[in-house]
Structures are given as structure tokens and as C-alpha cells.
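As a plain string of letters, each chain reads:
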Amino acid sequence: MQNILDRISNIKDEDYFKKANLHTHSKESDGRQDFDTLIEEAISLGLEHFAISDHNTLSGYKNSKYINHPVLIPAVEFDCFYQTSLIHILGYGVDFNNPNINEICTKKKSETEYDIVRLFHSRHPKDAIEKIHKAGGIAVLAHPCCCSVISLNYLVKKLKSFGLDGIETFYPYNRHRGIIKFHSRKKPYILAEKYNLIKTGGTDEHGSLK
């Protein structure tokens, strides 16, 4: 866990998104690009840190020919439900063969693709964070400005008590997430500083990187 924590902590703010993109999706979930093709695009673009964070599955990593490439950081994005809000927890640096994290990964393709299906099969964030840690990874709150809570501070504080390690601070908020936002884009950075959380970022690309 410490190695991945150190690696991501050492990524500079200005390196997002030119050298680092830690939030993308492939055909293994709801993306439109092949898993290995995305990695090839990341390499050709000169990225130094790259993660494919497919929804509720690590299947792409188990079949990738680039799994040992130094640019790659194994990742997953879990759909979680807490109180009245659907939230997403990213896991970075996880051992994708670890039985603990595979226990909460889905076996059904529909639970990686469709929002409504994923909603009804969501996890508790405490369980997701614990499983990510047991797999040697770190847990990060994804696109926090879109969390439908009155107090983002309260949510982050609660997730921190569950073991949250970071908060996605560098995020473009495109498409529907650019319209449905509940908090200012400055807030995640402020909360990361307040609760001593690492800052991560990614484009949430669902197509080609080019």
C-alpha cells in the first residue's frame, strides 16, 4: 500500500492530465475502447502514470499483456451507496488476484455497464474501502462534486473514518457530470488539505484517449 501511496502522492498537480490520467474506462465495463488499446494509447501519448478503473471489475488486468508495464497502475471503480447518495470509490494499486477484492467484484457484465443495474447492486463504501486495503491498494472518492449530499465535508469526514485515503481533485466534469454538480470544484481540494488526503485525478474517459 505504501508504494502506491507514495507514487500517487508524488504526482504534481500540474502533471494532471498531461503526464497522469488515473480515471478511464474500457470495454470491460462501460467504455468503448479495448483494454490493451487504451494502454497503448497512454504509452504513445507519453503518460507516466495511467489507470483503467472499470466499474466493479478487474477483468481487464487479468488478461492484459501490458500488466507489467511501468506506466500502468491497476485500478477499479466501485459503485457504492451511502445513506441517500450513490458514490464511487476508486481503488488504486490493488492486487487484482486478491480474493478479498474479487469478492465484491461483479460476475455479471450488466453490473459494469448500466447505471440503473449498478445502482441496485451497489456496495457499502466501508466494505469497498476495507477490501481495497486488503488487496494492498488505496481508496479514493471519485468525482466528489457530483455526490448528492448536503454537506460534502460530512461525507468526506465519514469516509475518512472508514479508511479513505484520497479524493479525486483533478477532474474535468464533462458530459452529464458537468451539468449535475452539487458542490464547487474548489471544495475537493480544500477537503483534501483539511483531512490530509492524497489528491488524484483523471479524465473519466469512456472512449479513445486520442
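Here goes a summary of the coordinates provided. All values reported here derive from a predicted model rather than from experimental measurement.

1. Observations concerning the pattern of salt bridges
Overall, the coordinates contain seven salt bridges when judged by the stated rule. Here Arg118 makes a salt bridge to Asp30, at a shortest N to O gap of 3.7 Å. Taken together, the residues span a long stretch of sequence, with Arg118 in helix α6 (residues 115-119) and Asp30 in the loop between β1 (20-21) and α2 (35-44) at a distance of 88 residues. Lys131 is the partner of Glu103 in a salt bridge, and the nearest nitrogen-oxygen pair spans 3.7 Å. Of this pair, Glu103 sits in the loop between α4 (99-102) and α5 (110-113) while Lys131 sits in helix α7 (residues 125-134), and the two are 28 residues apart along the sequence. Since its relative accessible area comes to 54%, Glu103 is described here as exposed. Given a relative accessible area of 9%, Lys131 falls into the buried group.

2. Focus on the sheet that holds strand β6 (residues 166-170)
Backbone hydrogen bonds hold the strands of a sheet together, and the pairing may be parallel or antiparallel. Spatially, the five strands line up as an open sheet ordered β3-β4-β5-β6-β7, and their pairing is mixed. Each edge of the open sheet carries a strand with a single partner, namely β3 (75-82) and β7 (198-201). The mean inter-strand angle of the sheet, taken between neighbouring strand axes irrespective of direction, is 40 degrees. As defined by bridge partners, β6 adjoins β7 across four bridges and the pair is classed as parallel. By the bridge assignment, Gly166 is partnered in β7 with Ile198.

Parameters and conventions
Positions within a chain are numbered from 1, following the residues in the order the chain's sequence is written. Predicted model: local features are reported for residues with pLDDT of at least 70 only, side-chain atom pairs are reported and counted for 80 or more only, and whole-chain, interface and lining totals are derived from all residues. Only hydrogens and water are set aside; all other atoms, that is, all heavy atoms of the structure, feed into the side-chain values. Take a side-chain nitrogen of Lys or Arg and a carboxyl oxygen of Asp or Glu: if they are within 4 Å of each other, that pair is a salt bridge. A run of DSSP states H or I qualifies as a helix once it reaches four residues; a run of E qualifies as a strand once it reaches two. Both are numbered from the N-terminal end. Exposure categories follow from relative accessible area, calculated using a 1.4 Å probe and restricted to protein chains: below 20% of the type maximum is buried, above 50% is exposed, and the middle band is partly exposed. The pairing criterion for strands is at least two bridges between them, as found by DSSP. Note on definitions: angles span 0 to 180 degrees between N-to-C directions of axes, and those axes are lines fitted to C-alpha atoms, for helices only across the stretch in contact.

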